[in-house]
Every structure is written in C-alpha cells, then in structure tokens.
Amino acid sequence: MSESTAKNPPVGGATHQPGSVGLVEPQTAHIDTPLLLDCGRRIEEYDLVYETYGELNARADNAVLICHALSGDHHAAGRHRPEDRKPGWWDTAIGPGKPIDTDRFFVVCVNNLGGCKGSTGPLSDNPETGRPYGPDFPILTVRDWVNSQHALMRRLGISRWAAVTGGSLGGMQVMQWAISYPEAIAHAVVIAAAPKLSAQNIAFNEVARQAIITDPDFHDGRYAEHGAIPRRGLMLARMLGHITYLSDDAMRAKFGRELRSGKVQYGFDVEFQVESYLRYQGTSFVDRFDANTYLLMTKALDYFDPAAEADDDLATALAPATARFLVVSFTSDWRFSPVRSKEIVRALLATGKSVSYAEVEAHQGHDAFLMPIPYYHQVLRGYFDNIARTMTEEGVE
Amino acid sequence: MNRPDWDIVTGWIREDARVLDLGCGDGALLRHLIAKRSVRGVGMEVDDERVARGVAADLNIIQADLDDGIRDWFGQHSFDYVLVSQTIQAIRRPERLLGEMLDIASEGIVTFPNMGYWRNRWQLGVQGMMPTTKALPNPWYNTPNIHLCTLRDFESLCEGLGIEILDRAVVDQNRRSSPLLRALPNWFGEHAIYRIRKRVV
C-alpha cells in the first residue's frame, strides 16, 4: 500500500550496479476496446502506462505481471534517470539475479486505470466535456483493473502469465486474476493481502477520504479548475496511512521518542522525530500523487470482496482458479495481518488447490512486503526458480 | 537418504492419495511419496529454512506451528492420510493432534522413536542416565522431544481416545526385522510405525 519507508533503501546509488535493471522508460498502450465497469459505466478508450524489464521469450511464456498497491505505479524497478535518488518501488525483488529474475522473466508493471502517473484517470481529459475528469472519473474496482490489464496482456502478445504477483492491494488483483482469467495465469503470488478489508481497514480509508474531501481546497474534486491542491487533506491521509503501514515496534525502533532539538519546546511545532518523518512523508506525497486518484484507490480496496458473489464463501469464489498459489504474510503486519492471509490459504486448501504459505517474521509492519527480508526473498526466489524450471521443461517437450 | 520408517509408510499409502505430512521438514518424505505413489501432498512445517527448502523443491508447504492445532486449516475429510513422521514426540499436546488428524483424514500414520527400546531401557534403568541413541541423539536439556513414549504407552493412549490401530510395524535403525523384534517389539523396536483410524462405534 505504500512505497518503501526505509530511510536508507538497501538498493540505491548507481544505476548500473549488479542486480539492477538499469535505466528504464515507461511506455504507453492505447486501448480502444471499450471497458464495461462494475459501476455500470463504460470507458470507450484509455491509455495504460507500463514498464517492462527483461525480454519476452519466443514462446511468450515467461511473462510476469506485477500489480501495484494503493500509492504505487508502473515504476517497479530500475531508474528513469541516472540521478534518480530512489529506484522503482519493488527494486529489491526485481532485477537480474534477484528473486524475480529479469534474466529469465519478462516483467510487466502497469499504472492502474484511474491512476495519476500517465494511465487514464482523473487527471485525463473527459472526452464528453473536453475538461479533466476530476471527480467524474468512474469508480473502479479491482476487477475493472484486472480486465484492463487483460487487454494490455493481449496487446503485448501474451496469452498466459507465468505469474501474477503483488502485495497488499496488488495481492487482491492477483486473486482476481486467478478468479476472472484462470486460463491466463499459471502462478498467483499473493503477498500481505486479504480476501476483503475489515471494518477497521475501511474505517482508516474513510478517515483518509474525509481528510481529503473536507479540505477547503478540495472544491468537490474540481481543485484543478480552481488552481488549488487539497494539500492538507492528502497529506493527512498519507500520514494516517503511514502509521498503519508500520508496526508499533518498527516505529519505536526507528524513532523512539527522539526529539529533533534534544529537548521539549512546549509547543505544537515538530518536536519528535516521528512527527518530522510523518510530515515529510505527507508533504512529499502531495507532490507526486493526485487526491482524486487516492480516493478512487481506497474505494477499490473497500469494495474488493470476491466472496460476496459466492454466498460469502471464499472457497467457492476461488473455485474457478487453476493457478498454483504462493501466499506470504508478515508477523507484524496489522493492516493485513497473517490471519487474513490464512483465510485465503484455507479457502484454497478447502477446494484442493495447490498452495504454499509462508509467514515471515518481520518487525516492519505492512511495509515489510517491500523490504529485502532474507527469508522472504529466499521463499520468493525458490518459488520463481520453480516457475522458470517449468517453463524450460515445457519448452523442451 | 531414506529414514528407517519410510518404506513401511510408503507401503501403506495408496496410489494418487491425498496426503498431509505434519512436521514435514524440507519435504523429503513428501517427495518420496510423490515419486513412489504419485500422491497429492501438502506439508506443514514451522521452521523458516525448511519451509524455504520445501517451496524451492516445488512442494506445497504451509508454514504453521502444529502446537497451534491444525483443525483451523483443513476441513473434515480433506485428506486420505495424515502423516506425523518422527514429530509427535515434539508436540505439546499429542493427544489433541491425534484427534484433529483423524478429523481431517480417514487414516493417520504415526511414526516415533520407541522409548521402550532396549538400549534406552539399559541407559536409563541400568546406567541411570537419560538415553542418547541414534534415534534420540539430543541430551535431555536440549531436545525437541518432550513427549517420548513406548509402544505400550501409545497403544493405551489410542485405546483411551477411541482410536483403532490398523497396522503396526517396528524396525531397528537398519530397517531390519527379526524374530526377536517381532516377538518383543516394545523391547527391540527402535522405531514404531502405526496406521490408525477413528474406531467405528
């Protein structure tokens, strides 16, 4: 659901170091097949911005789709410019010799529809009015995203993903892929996810939304037309999000009660390091993210509930899936706790699906899914090695 | 490398059966059963390193602690066989695990080191020390084996739990059987292997 919050990202520095995909350039696919959305509306045509790493092989059977989380985008690995301070959001896992090895896999990551990084979304012009959609952009669901990603898959000449992978909201897309397009996904890697949000999760999203919507600069979502940005609201939403992505332990370890100036000032300025961190995360987020997109993404999270259409039985909902699954959770993740991953695993086991489950000991909270935790990456690597091996064997036959 | 109980376990399992291996380690027995019996297998294991090795070996591994119970994970009759190979003696509540096993599978297969084996009796009864043998290599102060039992102990627990013993085999470390072993299994069996199910009332 968030970018890495590591102060010193473990992978950083030069672009040509071993293990990096190096310099990458986003591409745009214009899809002119209309997309019928769950909300009943249609998008006649749309753009999807995506990045790819590695090479698609001749049989086109080595493609891996990476689905991003709430505030993520298509830039999952490498750098756009040599001077970029940070690489893509999952650079720890994607690259030559990394768990998702770009020497063997053709990795695709898409900015989801409704996003603010180039794919058609609230910032794009509404063809009906000639003005930006803003708040009029249709509300999207995880299934809508998966349908749009499926259109891109065909455009890329891929008929079946070797794996679809994602953490958090990305993991929900993976589950939806397995349900909606069983024939098009061989392996489903679902990380730090849940089969649906809990009331507590929805509550956090609602506070985030209210922070944005009640900002006087929000102007009912038409802030762009007013030359305004709901900075305070978006910043608060992000600050709240960050608290929930970290664990109590991680915050204690990272900040404790450390004071910026060494002693208390008896005022409301930033005093504790944790306040400084949150404000920094909040303000920097405002510069790179759109408030209407944030609202859309949180709604997609809230609505995701594949079991709702199957008498609230997740096993029935997952029954169409033929993919093999790897499910991973992190012990200190309280936003998408291991208990929620177990619900997924149990539902898969109940219908005799092929599934492995790893519960990774980690203190970083929900954000752990972005970290290069050795055991986590060992499991990912082992799993993807097997996928690569199956591809080779099938190719030999 | 096969452990002493594997051949017998393999012999008891039908082709294409659904098998759950509790405390599966790195999945070596599951791999063996997949190769020999084409079973559809799931392993349960708590240790990170072993889970990672099992996943890397293309097995279906669920990371969980058997001490937390297994009933949450699986529905009734999800498997044909549940195995607990050389693990039951390290479980906090073996009697609960046995009950849960036979809820989720029609048959259970349990193997454990026999505390009644003569060397163990000799070391404890005559030498007056906790036994350390090939089957029980750990010193008393640092061992996962907290619930050791003999054949008779196990059989009496089964009786109490309403569990029927369908088969019993005992072997020594070298997987040999002998007239002595067959005559006095609780003395000469180093490893016990049981096939069990719920007694039909």
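Everything numeric here is computed off the predicted structure, so don't read it as measured data.

Enquirer: Pulling in residues and values, what's your account of the overall build of chain A?
Expert: Scanning chain A from N- to C-terminus turns up 10 helices and 12 strands. For a compact globule of 397 residues, the expected C-alpha radius of gyration is about 21 Å, and chain A comes in at 21 Å, within 12% of that figure. Expressed as lengths along the three principal axes of its C-alpha atoms, the size of chain A is roughly 75 × 50 × 50 Å. Residues classed as buried in chain A amount to 60% of the 397 residues present. In chain A, 72% of the contacts between residues at least 6 apart in sequence involve partners at least 24 apart.

Enquirer: How would you sum up the overall build of chain B? Please name residues and give values.
Expert: When helices and strands are tallied, chain B shows 8 helices and 7 strands. By the compact-globule yardstick of 17 Å for 201 residues, chain B fits well, its C-alpha radius of gyration being 16 Å. By its C-alpha atoms, chain B is 45 × 40 × 30 Å across when sized along the principal axes. For chain B, with 201 residues in total, the buried portion stands at 51%. In chain B, 66% of the contacts between residues at least 6 apart in sequence involve partners at least 24 apart. Summed over its atoms, the accessible surface of chain B is roughly 9,700 Å², and 49% of this surface lies on carbon and sulfur atoms. Charge-centre separation for chain B: the mean point of 25 positive side chains lies 5 Å from the mean point of 27 negative side chains.

Enquirer: For the confidence of the model for chain A, give the residues involved together with the corresponding values.
Expert: Within chain A, residue pLDDT values average 93, and 94% of them lie at 70 or more. A low-confidence stretch, residues 1-16 of chain A stays under pLDDT 50, and its non-local contacts, those more than four residues away or across chains, total 54 contacts.

Enquirer: If you had to explain the interface of chain B and chain A to someone new, which residues and values would you point to?
Expert: Contacts between the two partners involve 18 residues from chain B and, on the opposite side, 19 residues from chain A. In total, chain B and chain A occlude about 1,600 Å² of area from one another, counting both sides; carbon and sulfur atoms represent 51% of this. Summed over the shared surface of chain B and chain A, the result is 1 salt bridge. The partner of B:Asp58 in a salt bridge is A:Arg324, and the shortest N-O contact between them spans 3.1 Å. Seen at the junction of chain B and chain A, the total is 14 residue pairs in polar contact (both at pLDDT 80 or more). Of all the secondary structure elements, the ones that give two or more residues to the side of chain B that touches chain A are β2 (40-45), α3 (48-56) and β3 (61-63) of chain B. Among the elements that line the side of chain B that touches chain A, the one with the most residues is α3(B), at 6 residues.

Enquirer: So what's going on with empty space enclosed by the protein? Which residues, and what values?
Expert: Gaps left between atoms show up when a probe the size of a water molecule is rolled over them. Residues and elements named next belong to chain A. All chains considered together, the criterion is met by 3 cavities of 30 Å³ or more. The calculated volume of the largest cavity comes to roughly 50 Å³. Lining the largest cavity are 11 residues, and of these Asn205, Ala208, Gly241, Tyr294 and Arg335 sit closest to its centre. Elements with a minimum of two residues in the lining of the largest cavity: α3 (199-213) and α4 (231-245). In terms of residue count, the dominant contributor to the lining of the largest cavity is α4 (4 residues). When grouped by side-chain class, the residues that make up the lining of the largest cavity number 8 nonpolar, 2 polar and 1 charged.

Enquirer: Residue-level account of the packing of aromatic side chains, with values.
Expert: Each aromatic ring pair is characterised by the separation of its centres together with the angle its planes make. All names here are of chain A. According to the stated counting rule, one finds 20 aromatic pairs over all chains in the structure shown. When the ring of Phe218 is compared with that of Tyr223, the centres are 5.9 Å apart and the planes differ by 40 degrees; the resulting orientation is tilted. For the pair Phe218 and Tyr223, one class covers both residues: buried. Arranged with centres 5.6 Å apart and planes meeting at 75 degrees, the rings of Phe285 and Tyr294 form a pair that is edge-to-face.

Enquirer: Tell me about the side chain of A:Gln281, and please be specific about residues and values.
Expert: Residues and elements named next belong to chain A. Residue placement: Gln281 occurs in helix α6 (residues 273-288). Taking the relative accessible area as the measure of exposure, Gln281 reaches 13% and is therefore buried. Engagement of the side chain of Gln281 in a polar contact is seen with the side chain of His242, the distance being 3.2 Å. Ignoring sequence-local partners within four residues, the contact set of Gln281 consists of Arg238 and His242.

Enquirer: Mind laying out the nonpolar core, listing which residues take part and the relevant values?
Expert: Residues A:Trp177, A:Tyr294, A:Phe325 and B:Leu22 are the most contacted members of the largest nonpolar core, which totals 122 residues. What A:Trp177 contacts, discounting residues up to four positions off in sequence, is A:Leu65, A:Val146, A:Gln149, A:His150, A:Met153, A:Trp161, A:Val164, A:Pro182, A:Ala184 and A:Ile185. Within the second largest apolar cluster, 48 residues are counted, among which are A:Val24, A:Tyr383, B:Cys24 and B:Val51.

Enquirer: Can you tell me about the packing of helix α1 (residues 142-155) of chain A against helix α2 (residues 169-180) of chain A, naming the residues and giving the values?
Expert: Residues and elements named next belong to chain A. Here α1 crosses α2 at 70 degrees, and the two axes come no closer than 9 Å. Between α1 and α2, the angle falls in the class roughly perpendicular. Relative to α2, α1 is oriented so that their crossing is right-handed. Between α1 and α2, the contacting residues are Val142, Arg143, Trp145, Val146, Gln149, His150 and Met153 on the first element and Leu169, Met172, Gln173, Gln176, Trp177 and Ser180 on the second. The residue makeup of the contact of α1 with α2, split by class, is 7 nonpolar, 5 polar and 1 charged.

Enquirer: Lay out a nonpolar patch on the surface with the relevant residues and their values.
Expert: Residues and elements named next belong to chain B. Taken together, Trp118, Trp122, Val126, Leu180, Leu184 and Trp187 make up a surface patch of nonpolar side chains, about 600 Å² in accessible area. Mapped onto the secondary structure, Trp118 falls in helix α5 (residues 118-126). Taking relative accessible area as the criterion, Trp118 reaches 33% and is therefore assigned partly exposed.

Enquirer: Tell me what's going on with the side chain of A:Ser356, and back it up with residues and numbers.
Expert: The topology assignment puts A:Ser356 in strand β12 (residues 355-360). Of note is the side chain of A:Ser356, whose polar atom sits 3.1 Å from the backbone oxygen of B:Leu59. The contact partners of A:Ser356, leaving out residues within four places of it in the chain, are A:Phe325, A:Leu326, A:Val327, B:Val55, B:Leu59, B:Asn60, B:Ile61 and B:Ile62.

Enquirer: So what about the pairing of β2(B)? Which residues, and what values?
Expert: All names here are of chain B. Most of β2 sits out of view: 5 of its 6 residues are buried. Taken together, the 5 bridges between strand β1 (residues 18-22) and β2 define a ladder with parallel strand orientation. Bridged to Leu22 within β2 is Met44. The handedness of the β1 to β2 crossover, carried by helix α2 (residues 28-37), is right-handed. Relative to β3, β2 runs parallel, the two being bridged by 3 bridges. Paired with Met44 across the bridge in β3 is Ile62. Viewed along the sheet, the connection from β2 through α3 into β3 turns out right-handed.

How each quantity is defined
- Residues numbered from 1 in each chain as written.
- Chains lettered and ligands numbered in written order.
- Predicted model: local features only at pLDDT ≥ 70, side-chain atom pairs only at ≥ 80, totals over all residues.
- Heavy atoms only, no water.
- Helix = DSSP H or I, 4+ residues; strand = E, 2+ residues; numbered from the N terminus.
- Rg over C-alpha atoms; globule rule 2.2 N^0.38 Å.
- Buried < 20%, exposed > 50% of the residue type's maximum accessible area, 1.4 Å probe, protein only.
- Contact = heavy atoms within 4.5 Å.
- Areas by Shrake-Rupley, 256 points an atom, 1.4 Å probe, with all protein chains shown as cover.
- Lys, Arg positive; Asp, Glu negative; His and termini not counted.
- Charge placed at Lys NZ, Arg CZ, Asp CG, Glu CD.
- pLDDT = per-residue confidence, 0-100.
- Buried area = accessible area lost by both parts, 1.4 Å probe.
- Salt bridge = Lys/Arg side-chain N within 4 Å of Asp/Glu carboxyl O.
- Polar contact = N/O pair within 3.5 Å; in protein donor to acceptor, adjacent residues only side chain to side chain.
- 1 Å grid on protein atoms, 1.4 Å probe; cavity = no way out; pocket = protein on both sides within 12 Å on 5 of 7 lines; lining within 4 Å.
- Points joined across faces, edges and corners; volume = space filled by probe spheres on them.
- Nonpolar A, V, L, I, M, F, W, Y, C, P; charged D, E, K, R; others polar.
- Phe/Tyr/Trp six-rings, centres within 6.5 Å; stacked < 30°, edge-to-face > 60°.
- Core = buried A, V, L, I, M, F, W, Y, C linked by side-chain atoms within 4.5 Å.
- Axes fitted to C-alpha atoms, helices over the stretch in contact; angles between N-to-C directions.
- Parallel < 35°, antiparallel > 145°, perpendicular 65-115°, else oblique.
- Left-handed = near helix turned anticlockwise from the far one by under 90°.
- Patch = residues over 30% accessible without salt bridge, like charges linked within 9 Å, V, L, I, M, F, W, Y side chains within 5 Å.
- Pairing = 2+ DSSP bridges.
- Right-handed = clockwise from strand over helix to strand, strands pointing away.

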